[in-house]
Amino acid sequence: MEIKKCRLQDLEASLSGENPDIGTENFHLILSELAVEHGVEWVLTEHPYIDRDFKNEHGALFTHQFRTIPNVCIRVHFFVREPHVPYRDCADAYRGYMVLRPLPSAMIGRTVLPVPKRKIYGATQLITTAAQFQPHLLDDTMSIYGTPFCEQDGMMMRCAQAALWVTTRVMYKKFRTELHFTNDINEAAVEGFRTAGRTFPLDGGLQIGEMVNALNHLGFYPQLIEGHRGLELSELLSVSVPYVTSGLPVILGLPEHVVAAIGVLISSRKLSRGNHMDALQSFEDWVAGFVVHDDAAGPYRIMPRQKWLTKKKASALGTLLRVPGKIEESDTGDVDAALIPCIKEMWLSISDARDQAKRFLFAAPFWNFVSDATAGLYPKSLDALVAESGTPLVIRWRIVSSKLFKEDAIPKGSELRERMGGVHMPRYVWLGELFWARDMSRPVEEWQVCGEVIIDATSNQHYPSVLVIHLPKLLYLRDPNGGWGDCFGQNPSKATILRLAKDVPRPDVLDFH
């Protein structure tokens, strides 16, 4: 293997000997953004590089073609200053890598680039699917935090496979699922579902049913939400955002195309027209759009919330939009389906989790139980609690590891940690985190969580699934084996309410992986 060094602006010239047709729109776009957003000035190229993903594709298809297609790639590493041996001394200057396949029209293979730190008209970009990758350079290990990306090649991989590849690769890194390659995705898509013709070369990509089939056969438990004339904005956000912010990519279906939602945009102000004084408001009302990997437009593209941006503002974003300059083809109004991958023990849907929480937080028997347990010293309803505080509560839902929640979120040495440390929970729980609405205008990194609702993610809508409700200075604990008749103090062994003498808001934890 040979390693060469050159400046970023000389990369195409240095690669032309290996591939005279080097360069696609995505390739030029990525190089430009690396220079502008991340200060990249130098690159290292490895050749020949054996890439496991392309080796899988080559063995399944390209090796059988009459024309010769090499089975090796080039891997490009990006640096903000001139790298030197030992490369570990340049680890702080490392800005990711890109595998270049020997396919001139679809050259970008497995790529991990740094998460961009962008503000989009005051909205913060939050990439929740990113993970730590550790590529090797000779004997040295580098590190990059990002979400993997690749381009379609038109034969083994179209937009559907590219979105599924991103999805399964994120799940592998963040949830330790099995590692899947492109040919695995293609075979899974048509297993027992051979109505759409051959697996490859692909004629027109996969249909939504084949994508669902692929996820099922790859060991995921997908949820599919469809709309005949597009999904309503409220439905799209309420269904998709909790999963995306949990680190689960959501595949969004568009007319003749699909993309993978890998993050969200968070506004500092509420964007919906709902009642601003409702006691419990939805975090989705502050979501200004999605960050998506679009194999046709590039990594970390912006899909703004419908009607959030004017055409003038959208045009100013240029190539950051999925379709530069065309807001009507780039925003969430174009989405007609959402495909959500889940894994074992993530069975309760977000809709059912929300309903379960409401059956407690807005139930008179719950607040009567609170009043009896606190001798009437606690507010007698959620409305009363909010009125006393002078600002509504906002709830953000995520599905998280209960172990990591206990370890990373609950402050060490706190009374809350002492009380909740011994509470038995399933591997994954729905975590509804409570914020005061007045604090949502603060920078994301300064958010403070004032309470939680914790729900058993392995349950279903027919049984009580709430395990814990933590409100300011109040803790409700429920035995998961109790029924609806045991939830509100009828059986003291099945449900308990505790006062917390010292209970202050905790810092928000954005990633439990």
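Okay, so let's go over this structure.

### Section: the nonpolar core
Part 1: Counting 138 residues, the largest nonpolar core has Phe78, Leu252, Phe290, Trp430 and Tyr476 as its most contacted members.
Part 2: Counting residues in hydrophobic clusters, the runner-up holds 18 residues, among them Val400, Met420, Met425 and Leu475.

### What about the environment of Lys326?
Part 1: Its place among the elements puts Lys326 in the loop between helix H8 (311-316) and strand E18 (337-340).
Part 2: Residues Lys326 and Trp484 lie 158 residues apart in sequence; the distance between their C-alpha atoms is 51 Å.

### Digging into the pattern of salt bridges
Part 1: Scanning the entire structure with this criterion turns up 26 salt bridges.
Part 2: Salt-bridge contacts for Glu57 lead to Arg101; the nearest nitrogen and oxygen are separated by 3.9 Å. Of this pair, Glu57 sits in helix H3 (residues 52-60) while Arg101 is found in the loop between strand E4 (94-100) and strand E5 (108-112), placing the two residues 44 residues apart along the sequence. Summarising the burial analysis for this pair, Glu57 and Arg101 share the class buried.
Part 3: We note a salt bridge from Arg398 to Asp508, for which the minimum N-O separation is 4.0 Å. With Arg398 in strand E19 (residues 393-401) and Asp508 in the segment after strand E26 (506-507), this pair connects stretches of sequence that are 110 residues apart.
Part 4: Taking the relative accessible area as the measure of exposure, Arg398 reaches 2% and is therefore buried.
Part 5: Salt bridges sharing common partners tie together Arg396, Arg398, Glu433, Glu452, Arg506 and Asp508.

### Section: the packing of helix H4 (residues 159-175) against helix H5 (residues 182-190)
Part 1: One can describe the packing of H4 onto H5 by two numbers: an axis separation of 10 Å at closest approach and a directional angle of 115 degrees. The angle between the axes of H4 and H5 places the two elements in the roughly perpendicular class. In this structure, H4 crosses over H5, and the sense of that crossing is right-handed. In this structure, H4 uses Gln161, Leu164, Trp165 and Thr168 to contact H5, whose residues at the interface are Thr182, Ile185 and Asn186.
Part 2: The residue inventory of the contact of H4 with H5, partitioned by class, reads 3 nonpolar, 4 polar and no charged.

### What about the packing of H5 against helix H6 (residues 208-217)?
Part 1: Between H5 and H6, the least distance of the axes is 7 Å, while the angle of their chain directions is 110 degrees. Taken together, H5 and H6 sit at an angle that is classed as roughly perpendicular. When you trace H5 past H6, the crossing you get is right-handed. Contacts from Ile185, Ala188, Ala189 and Val190 of H5 reach H6 at Glu210, Asn213, Ala214 and His217.
Part 2: In the contact of H5 with H6, the residues fall into 5 nonpolar, 2 polar and 1 charged.

### Examining helix H9 (residues 350-361)
Part 1: The terminal C-alpha atoms of H9 lie 16 Å apart, and with 12 residues this matches the ideal 16 Å at 1.5 Å per residue to within 8%.
Part 2: Along H9, the positions that sit buried rather than exposed are Ile350, Asp352, Ala353, Arg354, Gln356, Ala357, Phe360 and Leu361.

### Things to note about the packing of aromatic side chains
Part 1: Taken as a whole, this structure holds 15 aromatic pairs when the rule is applied.
Part 2: The interplanar angle of 25 degrees and the centroid separation of 5.8 Å between the aromatic rings of Phe54 and Phe62 together place this pair among those described as stacked.
Part 3: Owing to a relative accessible area of 1%, Phe54 belongs among the buried residues under this scheme.
Part 4: Aromatic pair Phe360 and Phe366: ring centres 6.5 Å apart, planes at 70 degrees, arrangement edge-to-face.
Part 5: You can call Phe360 buried: its relative accessible area is 0%.
Part 6: Sitting over the ring of Phe133, Lys173 keeps its end group 4.6 Å from the ring centre.
Part 7: Geometry around Tyr121 places Lys313 over its ring, the cationic atom sitting 5.1 Å from the centre.

### As for unusual backbone geometry
Part 1: His47 connects to Pro48 through a cis peptide bond whose omega is -5 degrees.
Part 2: Relative to the helices and strands, Pro48 is located in strand E2 (residues 42-49).
Part 3: Although it is not a glycine, Leu138 adopts a positive phi angle of roughly 55 degrees.
Part 4: Within the secondary structure, Leu138 sits in the loop between strand E9 (136-137) and strand E10 (140-141).
Part 5: One non-glycine residue, Arg176, lies in the positive phi region at around 60 degrees.

Scoring rules and cut-offs
Residues numbered from 1 in each chain as written. Predicted model: local features only at pLDDT ≥ 70, side-chain atom pairs only at ≥ 80, totals over all residues. Heavy atoms only, no water. Core = buried A, V, L, I, M, F, W, Y, C linked by side-chain atoms within 4.5 Å. Buried < 20%, exposed > 50% of the residue type's maximum accessible area, 1.4 Å probe, protein only. Helix = DSSP H or I, 4+ residues; strand = E, 2+ residues; numbered from the N terminus. Salt bridge = Lys/Arg side-chain N within 4 Å of Asp/Glu carboxyl O. Axes fitted to C-alpha atoms, helices over the stretch in contact; angles between N-to-C directions. Parallel < 35°, antiparallel > 145°, perpendicular 65-115°, else oblique. Left-handed = near helix turned anticlockwise from the far one by under 90°. Contact = heavy atoms within 4.5 Å. Nonpolar A, V, L, I, M, F, W, Y, C, P; charged D, E, K, R; others polar. Expected span 1.5 Å × (residues − 1). Phe/Tyr/Trp six-rings, centres within 6.5 Å; stacked < 30°, edge-to-face > 60°. Lys NZ or Arg CZ within 6 Å of the ring centre and 35° of its normal.

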